[in-house]
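# Survey of secondary and tertiary structure
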Amino acid sequence: MSINPEITDSHCHLDFPDFADELPQVVDRAIAAGVTRMVTICTKLRLEPQVRTIAETYAPVFYAAGTHPMSAADEPMATIDGLIALARHPKFVGIGETGLDYHYTADSAQVQKDSLRVHISAARQTGLPLIIHARAADDDMARILADEYRNGAYACVMHCFSSSAELAKAALDLGFYLSMSGIAAFPKSQELRDIFAAAPVERILVETDAPYLAPPPHRGKRNEPAFTAHTARKGAEVFGMDYADFAAQTQANFDRLFTKAAAWQGAA
């Protein structure tokens, strides 16, 4: 058992081929670094069985599933009933990732919006948190999240948040959470750190988005869940907190949002 303060990697992609040859070692290194829970994210629903198997194989791993916005035009449209059915698995803890990405895939904006609304409905009906990917689509994202919230409350995390202060405020005003990735630890990300610093620390999660976006001192290399600790240490600096206190706060935040994972931990 790790003697480091416990933290959770709230978003990673352990099914990606980057980890195929050493997944047991990746999980062991995470635990040694204090990362006692990981949520691995399925981005294409046809791959859900593979992601589910990882969660079933490794005790610290939970999973979520949805259609990534960059794949929305190429994959079958998700259905509310289909997502609800997946959510019956005991280690399925979130809906997504879903969202809007107009950076590379603006031509599929409408199908992305349609897919997003399906995922929001499933999150609302299951009570599981929505996991949002947002890039270069701040206005549409803020509008849809607010419009849908008026149709019925739901919980949400803005994963790997690196958007504008305006979108951060819109999300926080709805009671949503912001997740801090390795981007927040990059030397040139002071503006982003300022956005996080202005947010309530009770609404902050940490993640890797592994295998992407490794924080210093591993920037440019493959990211992995163990490196959540580097981002969390930067987060502690941002909020002027001791690392142990910040780690404990993010754990409480994760438990409050990902209630199904928290309940599993309590039963273990």
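One numbering rule holds for all chains: residues counted from 1, following each sequence as written. Since the coordinates come from a predicted model, pLDDT governs what is reported: local features require at least 70, and pairs of side-chain atoms require 80 or more to be given and counted, while whole-chain, interface and lining totals use all residues. With hydrogens and water excluded, all non-hydrogen atoms of the structure serve as input to the side-chain values.

### Overview of the overall build of the protein
Cut-off, in case you're wondering: The numbering of helices and of strands both runs from the N terminus, where a helix is a DSSP run of H or I of at least 4 residues and a strand a run of E of at least 2. Radius of gyration: over C-alpha atoms. The globule rule applied is 2.2 Å multiplied by the number of residues raised to the 0.38 power. Buried means the residue's accessible area, taken with a 1.4 Å probe over protein chains only, is under 20% of the maximum for its type, while exposed means over 50%, and partly exposed covers the values in between. We call two residues in contact whenever any of their non-hydrogen atoms come within 4.5 Å of each other.
Along the protein, the regular secondary structure elements total 11 helices and 8 strands. A compact globule built from 268 residues should have a C-alpha radius of gyration of about 18 Å, and the protein, at 17 Å, falls within 12% of that. Structurally, the protein occupies a C-alpha span of about 45 × 40 × 35 Å along its principal axes. Sorting the 268 residues of the protein into buried and exposed places 57% on the buried side. For the protein, the proportion of contacts with a sequence separation of at least 24, taken over those separated by at least 6, is 73%.

### A closer look at unusual backbone geometry
The linkage connecting Ala210 with the following residue, Pro211, adopts the cis geometry, with an omega of 15°. Along the chain, the position of Pro211 falls in the loop between strand E8 (204-206) and helix H9 (228-238). A cis amide bond, omega 10°, links Pro216 with the succeeding residue Pro217. Backbone geometry places Ala136, a non-glycine residue, at a positive phi of 55°. Relative to the helices and strands, Ala136 resides in the loop between strand E5 (130-135) and helix H6 (138-151). One non-glycine residue with positive phi stands out, namely Leu213, at about 60°. Topologically, Leu213 is positioned in the loop between E8 and H9. For Leu213, a relative accessible area of 29% puts it in the partly exposed group.

### Describing the sheet that holds strand E3 (residues 61-65)
In plain terms, the rule: Pairs of strands are assigned from DSSP output, requiring at least two bridges between the strands. Every axis in this analysis is a line fitted to C-alpha atoms, fitted for helices over the stretch in contact. Angles between the N-to-C directions lie between 0 and 180 degrees.
One open sheet holds the 8 strands; their spatial order is E1-E2-E3-E4-E5-E6-E7-E8, and the pairing between them is parallel. Edge strands, defined here as strands with exactly one partner in the open sheet, are strand E1 (7-12) and E8. The mean angle between the axes of side-by-side strands here comes to 30°, regardless of whether they run parallel or antiparallel. Inspection of the sheet shows strand E7 (residues 177-180) paired to E8 by 3 bridges, in the parallel sense. Bridge assignment links Met180 to a residue of E8, and that residue is Val206.

### A look at the pattern of salt bridges
Quick note on the threshold: For this analysis, a salt bridge means a side-chain nitrogen from Lys or Arg found within 4 Å of a carboxyl oxygen belonging to Asp or Glu.
The full count for this structure, using the stated rule, is 15 salt bridges. For Asp101, the salt bridge is made with Arg135, and the minimal N-O distance between the two is 2.9 Å. Note that Asp101 is positioned in strand E4 (residues 92-101) and Arg135 in strand E5, a separation of 34 residues in sequence. Using a relative accessible area of 30% as the deciding quantity, one classes Arg135 as partly exposed. Through salt bridges with shared partners, a single network forms among Glu22, Arg29, Arg222 and Glu224.

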